[in-house]
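So the chains spell out like this:
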Amino acid sequence: MAGYELYTKHARVWLPDAVEVWKSAKLVKDYSSGDQTLFLQLEEDGTEVQYKVDPRTHNLPPLRNPDILVGENDLTALSYLNEPAVLHNIKVRFIDSKLIYTYCGIVLVAVNPYESLPIYEADIIHAYSGQNMADMDPHIFAVAEEAYKQMARDQQNQSIIVSGESGAGKTVSAKYAMRYFATVSGVSGEADIEERVLASNPIMEALGNAKTTRNDNSSRFGKYIEIGFDKKHRIIGAHMRTYLLEKSRVVYQTQGERNYHIFYQLCASSHLPEFQPFKLGGADDFHCTNQGQNPVIDGVDDTKEMCSTRRALSLLGISERHQMEMYQILAAILHLSNVEVKEHSQDRSSILADDAHLVVFCELMGVPYKEMAHWLCHRKLKATTETYVKCVSKTNAVNGRDALAKHIYARIFSWIVGCINNVLKSAVKQHSFIGVLDIYGYVIIFMFVNFPCFLNILSYFTRFETFDINSFEQFCINYANEKLQQQFNLHVFKLEQEEYMKEQIPWTLIDFYDNQPCINLIEAKLGILDLLDEECKMPQGSDGSWSQKMYNTLLKQKDHFDKPRLSNTAFIIHHFADKVEYQCDGFLEKNKDTVNEEQIHVLQNSKFDFLLKLFEGNEKTTSSSKSITGKSGRSQRGNKKTVGMQFRQSLHLLMDTLNATTPHYVRCIKPNDHKKPFSLDPVRAVQQLRACGILETIRISAAGFPSRWTYQEFFSRYRVLMKQKDVLPDGKETCRNVLKKLIQDQNLYQFGKNKIFFRAGQVAFLEKLRSEQLRRACVSIQKTIRCWLARKKYLRMKQSAITIQRHVRGHQARCYVNCLRRTRAAVVIQRNVRMWAARERYRKLRSASIVIQCFFRTYAARKLYYKLVYEQKALVIQKWAKGWLARKHYQRTRADIILLQSCVRRMMAKKELKRLKVDARSVEHFKDLNVGMENKIMQLQHKIDEQHKEVSELGERLNAAAKTQAMEQERHCKEIENLHRSEQQAQAEAKTLPSLLEQLSFLQQELENTRREKEVLEDQRKIDKAQTQLVVEELNNKNSLLSNEKKDLDKLIQEQTQQLTDIKGQMENKEQLEKELIEERSRYHRLSNEHLHLEELHKDLKEELEVRISSRKEQWSPRSQKPESDYSSKSAECSPILGSTNGQTSTVDKEVETPSTVDLPLILKLQRRVRELEREKQSLQRQLDEKEAQEENYAEEERTELDLETLKRQELESENKKLKQDLSTLRKSLTSENSELMPPAVGSTTYGILLEQLTSSNEELEMRKEEVLLLQSHLVRQDAMKYKDSAIGEGVKLELGDLPSFQDLDRSTDIHTLNEDGELWLAYEGLKETNRILECQMQTLEKQHREQNEKLQDEVNTLKEEKEQQQKLLAQILVLPEDARIEAGLKLEITRLTNENLELMVQQDKQDKTISNLNKELQLYMNKVEQFEANEKNTHLMTNTPAKAVSIPRKEKEYQGMLEYKEGDENRLVKNLILDMKARGVALSFLPGLPAYVIFMCLRYADHVNNDQRVSTLLNSVLCSIKGVIKRKGKDFGVSSFWLANTCRLLHCLRQYSGDETFKTHNTSKQNQHCLTNFELTEYQNVFGDLAVQIYRQLIKSMEDILQPLIVSSMLEQESIHGVLGSKPSGMRKRSSSSPEEEAVTVEVLLQQLGHWHITMCQHGMDSDLIKQVVRQQFYVICAVTLNHLLLRKDMCSWSKGLQIRYNVWQLEEWLLERDMSNCGAKESLEPLVQAAQLLQVKKKTEADAQAICNMCAGLTTAQIVKVLTLYTPVIEFEERVTTTFITTIKDILKDRQNSSTLMMDAKKIFSVTLSFSPSSVALETIQIPTSLNLGFLHRI
């Protein structure tokens, strides 16, 4: 179609503007061919303008792209490729979307934001790593990733060319590119290459950067950095090359500029001690630093910058000495610039003899002052045979001085670059490299900044600049930029050509600007550089002659060369960007770069070593030139390379390097000159776009087919333009048919192999058709909807009218009814009012009569009441008077009787006390007869003592009260006497009578008060008396309790006597059994003798003796014990005497064995003593009562009586102590060892009665002992005689010293005769053993009896409590109504049954434990029986002939859940079970967790045999093997899943069978039998837990490696909902997923992968909790990766993409629901992604919408919300962009939200795993081992 057809009404175009460069306008009416005027309306203010069309060229204004294409990532995706479209797209992205990067085909356009942005973090680097360049938003990381990927894939070197004017951000872009390489290359040892390269930046900036009029830190040299990589693509080193340092800046700066930063840093640090020898001052003191008259940069501290420079030099390994030497030379340059040259004549000059700056210069440089001063003003001329020294003019001398300064500075700069390269050099061989070129800035743009002399002439062309001159430096830079622009154009054309050939479409040669003629003009033969070099060789060559040669040679031959009209010393070159005028002055001098050789010789003869090191190169060239003889000076000058020649060679070398690499271009744009953040100056931006080749790229693209769509994208986008019949199964054929109908001219598009190519403007035409079609569809939809809305409105109005009519008519009817009701109501009201009035009159009359009657009746009743009250009070007075008289008489009579009783009782108490003392002395021996009652007596005595103490305390209190009363009486008596004296004085002194009377009244009051206090004390005394009585009553009660306890003890003694009788019966039975044992022993002796006799016949004497000794030793141990038991059984009657008397049991035994004639009198006497003590206590209590009842006059008598009572108490206590001592002595005598065979000592009258009663019993016991000893000794003697001659008899040592000594001398002979053969010692040992056995039996019986009593008592208590509870509940139930009673009864029954069930469950648990224990014992017994039977069977087979075989049915074996293996089989087990196990296929057919079960069963066997070495070896081998498998095959998900499941199962088995009660509750009784018994493996549990966590992390890592390529394509790129999403043109950089050869990745593919993993984990038997944690981690990774790519891809932030994401998330949630994992936390982990999708779909206009968004997006950070809103891009025309005002509102609302400021989610985050305990229900004894595992060496037990 023709281009004119697009200029229709409402079409939008761009108009040129002087301020904004381009303005947008809209056509008011259609344009037709031949019209001379376009009628337009400006969109900014609505002004109507006219645009004149040139009738010859018919150049119409450029069309504006649709809004849907504005803000594209790639400028080549624009339908209309023109300058205003490019500028507007960059402006929208930079200002509105805050995006600084934009693609322009193969070029990355970077706009300096002048603000720090969070887009260079490590997570951003990881997000771009491995991604295709077109899949992500434009970024420097995307370019670096593309270069790195192509280097690794194609094995070809790469280069990144960063260009732009000063301040555009070239260095920062290069720095971030190097940071990306260092991060993604995975460097380890050389990880600091990037840091070292970046550390060189402060040094290179200090020595190579300076302040210009447009940039405070302008780089004044070119830089090319090669980053070297090894074969594994890791950074190993770097190398830096520099180009064309601006040496002229050392000696000259224009107004407002500065010299290199290092000079100002030196001047600012001149006060430091180390810089004092340099004799520096301020920057204004030196000529080379004060020319620009602006030595200070705002916001820059040169002192701090100097510290940074020194720190960087130290970091790069430059020593402090070399640094100071470098600073010394730089300081010398400063002083050299201040050297003044004095002019003597036109061709003669000199320097003052005392020039201070030259003196300092010579001192610092180590050269003689005279020589340097001489050669600064002279020069040496060499002829053929002679040499002349000639003076020079002042101008030439100053130029020579400046040349020397520039030469020295260039040497220092080269030395620094060499030092940096040495540091960055790597010893490893470089395999490939990526070059980063940070060079001047192409053509005019660089000229704008880098060299001020050229800027001046350029500003003339741009009308607003103030600079004047462009010289040799600008010429060289523009020459370099021409070469780079040519290389760029050729590369762009090459890529276009390759694309067309790849798609197999016919193409014609694209006409693009070729700047080869301009390059030939500069570098060809007889070109500008050639003529310049030729002129430099001439002896009399000058700038004027050179310019004339150029005019004559180039003016007519070259189109790009021109001569200014008004100048003969300048020339103009037509560069590819614009024309530039150069001034010829200084070209020759700068090209020759001549330095006076004599000055150099002076410096080379310096004593300064560092200076000599700098000029080593000059020495070599000088020496080589001297060695050549026969050559003239002209030929020597001809051999020296000029600056132009050197620059051309280095430029050719750079171009060769770039041509050998794959270039990547970054064009940096400086948005404004004021460094305002996110502010774009259109004029400056257009200038840079024109100069840096962006528009040339656009023009080349526009010349061909700039718009490219895949068939699928075209079909999805323009499906609305097709009819149903046009859609064919073949998508390509469908697209072809549709395009033929839509675009008639087939030259405007081409069908490629995979894409459709469109000419410029055709996509806009298709978009116009699509918009019209959509608009028509919208109109149709609106028409239908409006009809439907109108009909709905009519129906509502009709219904409303009917409703209103109905309500009005109803209202009228209701009004009529109300009128009737009012009339009827009025009649009723009148009737009722009249009735009420009559009733009121009647009520008033009735109430008046009632009141009168009431008052009269009240008066009569009151009179009767008063009369009755009077009579009643008289009776009460009489009653109280008679009662008082009777009480008085009673009190007097009672007091007399009490006094008489107290006197009589005192006399009786004294008599009783005397009688008690006598009785106390006569009953002492009864206390020792019963040891068991001593403790009770001591307790009673202790309680009596406490009562006495209380009595004494009460007496002391009474004494204190009596004393206080006596003191009060004395005081009162004294006061009365004083009163008497005062009264006498009062009588004597009548004058003072009134005052005395007053004193008397006062004293009387005090006396009255004293009497009151006395009464109070008496009341207190009565209270104390009552309390004492209560204490006495308590003591009486305690005494009664003690008596009851005594009765209980008597009963207990009787019960124990009965138990002793039973024990005696048992002992008799035992004696009978022992007799039978003796008979069996005798038979055994006979058999052993016969056996010995047979052995003597067959063996020699020595062997016979050894065998007999060993056999007898084996037989002696049971025989030596049995006589002891016999003896102990026969001497059981003597055990009570030899037993211990410390415990209550021994005491009871003694009491039982003592005859009853002794026990009863003792008990009666003790009871009598207790009663006497009680009577004594009662008498003391009565005496205390009598003392308390006495008056105050008997206080002294009370004290004396109390003293007597205390004496009596002390006597009683002393008597009690004596009784205790006697009792202890008696006990010692009875319990001593010797007392069992001797009578008690004679001489104590106290023990007479006891001795008489015990004599007969002791004699009988002694006789029985003697008989037992005789019988036992006889038996022992017989046994000893049998083995007298054997070794056994020799081994028996009978020592008499061990026997007890007896005090009875009469029996000593009998004892020795009995002890002749040692039988007495054996009898004694047997007796002690018998006593111990009896004591143990008694203790066990007593313990059992006590436990039974406690159990019975507990049961009785529980029954009582239950009974009481039931009674209470029954009483409560009876009170309730019948329904509630039934309900309460049911509740009670339920609770009762529940309690019974609980008790039964407890009993069942106990029974289960008992059964398990019995089963274990039974199993042990069965094993013993089986072993015994096996032994018997073997012996039977060996002794007897084989019997006839009998068929016995075989029983099924019962296994113990263990696997037996031999030592050393651990390696075989690990190899077959772990190392050779195949997780896929073979392992799936086994029981889940089979390896874990097998390992644990082997572990159980090691525990069963109690071999700790086996346990540790087995577990350590398993651990190492699993770690090895994971290390080798950990990337395989199936292997990681299999061993994670088995490791967890083994860990659960270690816990389940550990024997811990917390884990045993989950087991069956059979499983509890399989618990480990010998080893505690808690530490190994922790080790296996750590191993499981390690495998889990490896599993997650392998899962992420598979998920990463699927997530973005399935969740973001793939369009699952067809017809909703619309794709937009993506320019030259198509998305990776658009290629038809690649299989489309959908959500179904992702879900299939997740389902496969889930099935695998389930088949491997992984715990469900662990599976849920894995799924949660998977969903988190999906959410993080999807959200991160959404935040980095502007093309994905649209309403339709939000719908697609929510649909995909819904599919993931459905997947969770199908597998019952909704509660695993995976759904919650997708919440940030869901909120981001909702954010793309919600309304984004008003403040309420902003508040709703903030409330909805709680899972997103503020940065993420703002980023999504900023990236939001409409896909269709009906959507609207998010305004900056709305984004600002969002920021204001979210400014107080406390959340992370990071933009990206951490996709590498792994949640902490929890290994919860999961018991296994598999019985170990049922597990079968498959033969395929080759574990035949394991045996089930």
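The rules we used
Residues numbered from 1 in each chain as written. Predicted model: local features only at pLDDT ≥ 70, side-chain atom pairs only at ≥ 80, totals over all residues. Heavy atoms only, no water. Helix = DSSP H or I, 4+ residues; strand = E, 2+ residues; numbered from the N terminus. Buried < 20%, exposed > 50% of the residue type's maximum accessible area, 1.4 Å probe, protein only. Pairing = 2+ DSSP bridges. Axes fitted to C-alpha atoms, helices over the stretch in contact; angles between N-to-C directions. Contact = heavy atoms within 4.5 Å. Core = buried A, V, L, I, M, F, W, Y, C linked by side-chain atoms within 4.5 Å. Parallel < 35°, antiparallel > 145°, perpendicular 65-115°, else oblique. Left-handed = near helix turned anticlockwise from the far one by under 90°. Nonpolar A, V, L, I, M, F, W, Y, C, P; charged D, E, K, R; others polar. Salt bridge = Lys/Arg side-chain N within 4 Å of Asp/Glu carboxyl O. Phe/Tyr/Trp six-rings, centres within 6.5 Å; stacked < 30°, edge-to-face > 60°. Lys NZ or Arg CZ within 6 Å of the ring centre and 35° of its normal. Patch = residues over 30% accessible without salt bridge, like charges linked within 9 Å, V, L, I, M, F, W, Y side chains within 5 Å. Areas by Shrake-Rupley, 256 points an atom, 1.4 Å probe, with all protein chains shown as cover. Lys, Arg positive; Asp, Glu negative; His and termini not counted. Charge placed at Lys NZ, Arg CZ, Asp CG, Glu CD. pLDDT = per-residue confidence, 0-100. Polar contact = N/O pair within 3.5 Å; in protein donor to acceptor, adjacent residues only side chain to side chain.

Participant: Explain the overall build of the protein here, please?
Facilitator: A tally of regular secondary structure across the protein gives 55 helices and 25 strands. Across the 1837 residues of the protein, 44% fall into the buried class.

Participant: Explanation requested: the sheet that holds strand β4 (residues 48-52) in the structure shown.
Facilitator: Backbone-to-backbone hydrogen bonds pair the strands of a sheet. The strands run either parallel or antiparallel. With respect to topology, four strands assemble into an open sheet ordered β1-β2-β3-β4, the strand pairing being antiparallel. Each of the sheet's edge strands pairs with one partner strand only, and the pair in question is β1 (12-17) and β4. Between one strand axis and the next, the sheet turns by 50° as a mean value, whatever way the strands run. Inspection of the sheet shows β1 paired to strand β2 (residues 21-27) by six bridges, in the antiparallel sense. Residue D17 lies in a different strand from β2, and its bridge partner there is V21. Its contacts with the sheet place helix α1 (residues 83-96) against β1 and β2, and it is angled at close to 105° to β2.

Participant: Sorry, what's going on with the nonpolar core here?
Facilitator: One broad trend across soluble globular proteins is that nonpolar side chains are buried collectively. One finds Y327 and F571 to be the most contacted residues of the largest nonpolar core, which totals 319 residues. The element that contributes the greatest number of residues to this core is helix α47 (residues 1578-1613), accounting for 15 residues.

Participant: Whenever I open this one, the packing of helix α16 (residues 528-537) against helix α17 (residues 543-554) confuses me. Can you help?
Facilitator: If you want to describe how two helices pack, look at the angle between their axes and the distance between the axes. In contact at an axis separation of 10 Å, α16 and α17 are set at 140° when each is read in the N-to-C sense. With respect to each other, α16 and α17 are oriented oblique. Both α16 and α17 take part in a crossing whose hand is right-handed. Taken together, the residues of α17 that come into contact with α16 (itself represented by I528, L531, L532 and E535) are S545, W546, K549, M550, T553 and L554. Considered class by class, the residues forming the contact of α16 with α17 number six nonpolar, two polar and two charged.

Participant: Would you mind showing me how to read the pairing of strand β6 (residues 107-111) here?
Facilitator: Consecutive residues of a regular strand have side chains that alternate between opposite faces of the sheet. Burial analysis of β6 places five of its five residues in the buried class, which makes it a mostly covered element. With burial as the criterion, each face of β6 is covered, one bearing V107, V109 and V111 and the other bearing L108 and A110. The hairpin turn running from strand β5 (residues 101-104) into β6, its antiparallel successor, is two residues long, and G105 in that turn takes a positive phi close to 70°. Bridge count for β6 against strand β20 (residues 662-669) is five bridges, and the pairing is parallel. The residue of β20 that forms the bridge with L108 is V666.

Participant: Just to check I follow, could you spell out the pattern of salt bridges for this structure?
Facilitator: Side chains bearing opposite charge may pair, as long as their charged atoms lie close to each other. Applying the stated criterion across every chain yields a total of 30 salt bridges. Note that E274 and R310 form a salt bridge whose closest N and O atoms lie 2.8 Å from each other. Here E274, found in the loop between α6 (261-268) and α7 (302-315), pairs with R310, found in helix α7; they are 36 residues apart in sequence, far enough to count as distant. The partner of E325 in a salt bridge is R321, with the nearest N and O atoms 3.0 Å apart. Of this pair, E325 and R321 both sit in helix α8 (residues 320-337), four residues apart, roughly one helical turn. Assessed through its relative accessible area of 52%, R321 is described here as exposed. By sharing partners, the salt bridges in this structure join R220, E246, R249 and E257 into a single network.

Participant: What is the right way to look at the packing of aromatic side chains in this model?
Facilitator: Geometrically, a pair of aromatic rings is defined through the distance of the ring centres and the angle of the planes. According to the stated counting rule, one finds 39 aromatic pairs in the structure shown. With centroids separated by 5.5 Å and ring planes inclined at 75°, the aromatic side chains of F275 and Y327 adopt a geometry described as edge-to-face. You can see F275 sitting in the loop between α6 and α7 and its partner Y327 sitting in helix α8, a full 52 residues away along the chain. On the accessibility criterion, F275 (0% relative accessible area) is buried. Of the aromatic side chains, those joined through ring pairs into one cluster are Y120, Y128, F141, Y148, Y176, Y180, F181 and F229. In this arrangement the basic side chain of K175 is found over the ring face of Y176, its NZ or CZ atom lying 5.4 Å from the centre. Of note, R667 hangs over the ring of F488, and the distance from its end group to the ring centre comes to 4.7 Å.

Participant: Please clarify how a negative patch on the surface should be interpreted in this entry.
Facilitator: A surface patch of negative charge is lined by E946, E950, E953, E956, E1033 and E1034. Where the negative patch is concerned, the elements lending two or more residues are α29 (934-988) and α30 (993-1098). The element best represented in the negative patch is α29, accounting for four residues. With respect to the helices and strands, the residue E1034 is situated in helix α30.

Participant: Would you take a moment to explain unusual backbone geometry for this structure?
Facilitator: Peptide bonds are mostly trans, and most non-glycine residues show a negative phi. Phi is positive for L526, which is not a glycine, with a value near 60°. With respect to the element layout, L526 can be found in the loop between α15 (516-523) and α16. Accessibility expressed as a relative area gives 48% for L526, which makes it partly exposed. With a phi angle near 60°, N1830 is a residue other than glycine that sits in the positive phi range.

Participant: What is the right way to read the side chain of E523 from this model?
Facilitator: Inspection of the secondary structure puts E523 in helix α15. A relative accessible area of 18% places E523 in the buried class. Contact partners of E523, with chain neighbours within four places excluded, come to Y479, K483, R648 and H652.

Participant: Looking at this model, I keep getting lost on a nonpolar patch on the surface. Mind explaining?
Facilitator: On the surface, a nonpolar cluster with roughly 410 Å² of combined accessible area is contributed by I781, I785, W788 and L789. Topologically, I785 is positioned in helix α28 (residues 762-922).

Participant: Looking at this structure, how should I read the side chain of N421?
Facilitator: Take N421: it is sitting in helix α11 (residues 394-424). Note on N421: relative accessible area 10%, which makes it buried. Aside from chain neighbours lying at most four places away, what touches N421 is H239 and M240.

Participant: For this particular structure, what's the right way to read the confidence of the model for the protein?
Facilitator: For any part of a model where pLDDT is low, the fine detail of the predicted coordinates should not be relied upon. Per-residue confidence for the protein gives a mean pLDDT of 76; residues scoring 70 or more make up 77%. The weakest mean pLDDT in the protein belongs to helix α13 (residues 452-462) at 24; the strongest belongs to α6 at 92. Confidence drops under pLDDT 50 across residues 441-467; counting only partners more than four residues distant or on other chains, this segment forms 106 contacts. Counted against residues more than four places away or in other chains, residues 1630-1638, with its pLDDT under 50, gives 22 contacts.

Participant: Please clarify how the sheet that holds strand β22 (residues 749-751) should be interpreted in this entry.
Facilitator: Pairing is antiparallel across the open sheet formed by three strands, whose spatial order is β21-β23-β22. The open sheet is flanked by β21 (707-710) and β22, the only strands paired with a single partner. In this sheet, adjacent strand axes meet at a mean angle of 20° when their direction is disregarded. In the sheet, β21 pairs with strand β23 (residues 755-758) via four bridges, with the strands oriented antiparallel. Bridging from a neighbouring strand, S707 pairs with F758 of β23. Against the sheet, helix α14 (residues 472-503) makes contact with β21 and β23, and its axis sits at roughly 130° relative to β23, the strand it touches most.

Participant: Sorry if this is basic, but what is going on with helix α41 (residues 1466-1475) here?
Facilitator: Every α-helix carries 3.6 residues per turn, so stepping three or four residues along brings you back to the same face. Of the positions making up α41, those classed as buried are E1466, L1469, V1470, N1472, L1473 and I1474. The elements touched by buried residues of α41 are α42 (1490-1504), α43 (1508-1529) and α44 (1533-1552).

Participant: Got a minute to help me understand the environment of V172 in this structure?
Facilitator: Summarising the element assignment, V172 is placed in helix α4 (residues 170-184). In this structure V172 comes out as partly exposed when scored by relative accessible area, which is 41%. Residues V172 and N112, 60 residues apart in the sequence, show an inter-C-alpha distance of 9.6 Å.

Participant: Looking at this model, I keep getting lost on the environment of T47. Mind explaining?
Facilitator: By secondary structure assignment, the location of T47 is in the loop between β3 (37-42) and β4. Taking the C-alpha atoms as reference, T47 lies 9.2 Å from A25; in sequence the two are 22 residues apart. Leave out the neighbours within four places in its chain, and T47 touches L40, Q41 and L42. Of note is the side chain of T47, whose polar atom sits 3.1 Å from the side chain of D45.

Participant: It is not clear to me how the pairing of β20 should be interpreted in this structure. Could you clarify?
Facilitator: Of all eight residues in β20, eight are buried; the element is thus mostly enclosed. Every second residue of β20 is oriented toward a common face, with T662, H664, V666 and C668 on one face and P663, Y665, R667 and I669 on the other, all of them buried. Of the strand pairs in this sheet, strand β7 (residues 158-164) and β20 are connected by seven bridges, and their pairing is parallel. Along β20, the bridge assignment pairs Q158 with T662.

Participant: Can you walk me through helix α9 (residues 356-365) in this structure?
Facilitator: Taken as a whole, α9 has its buried residues at L358, V360, F361, C362, L364 and M365. Where α9 is buried, its residues meet α8, α10 (369-377), α11, α19 (597-604) and α20 (609-614).

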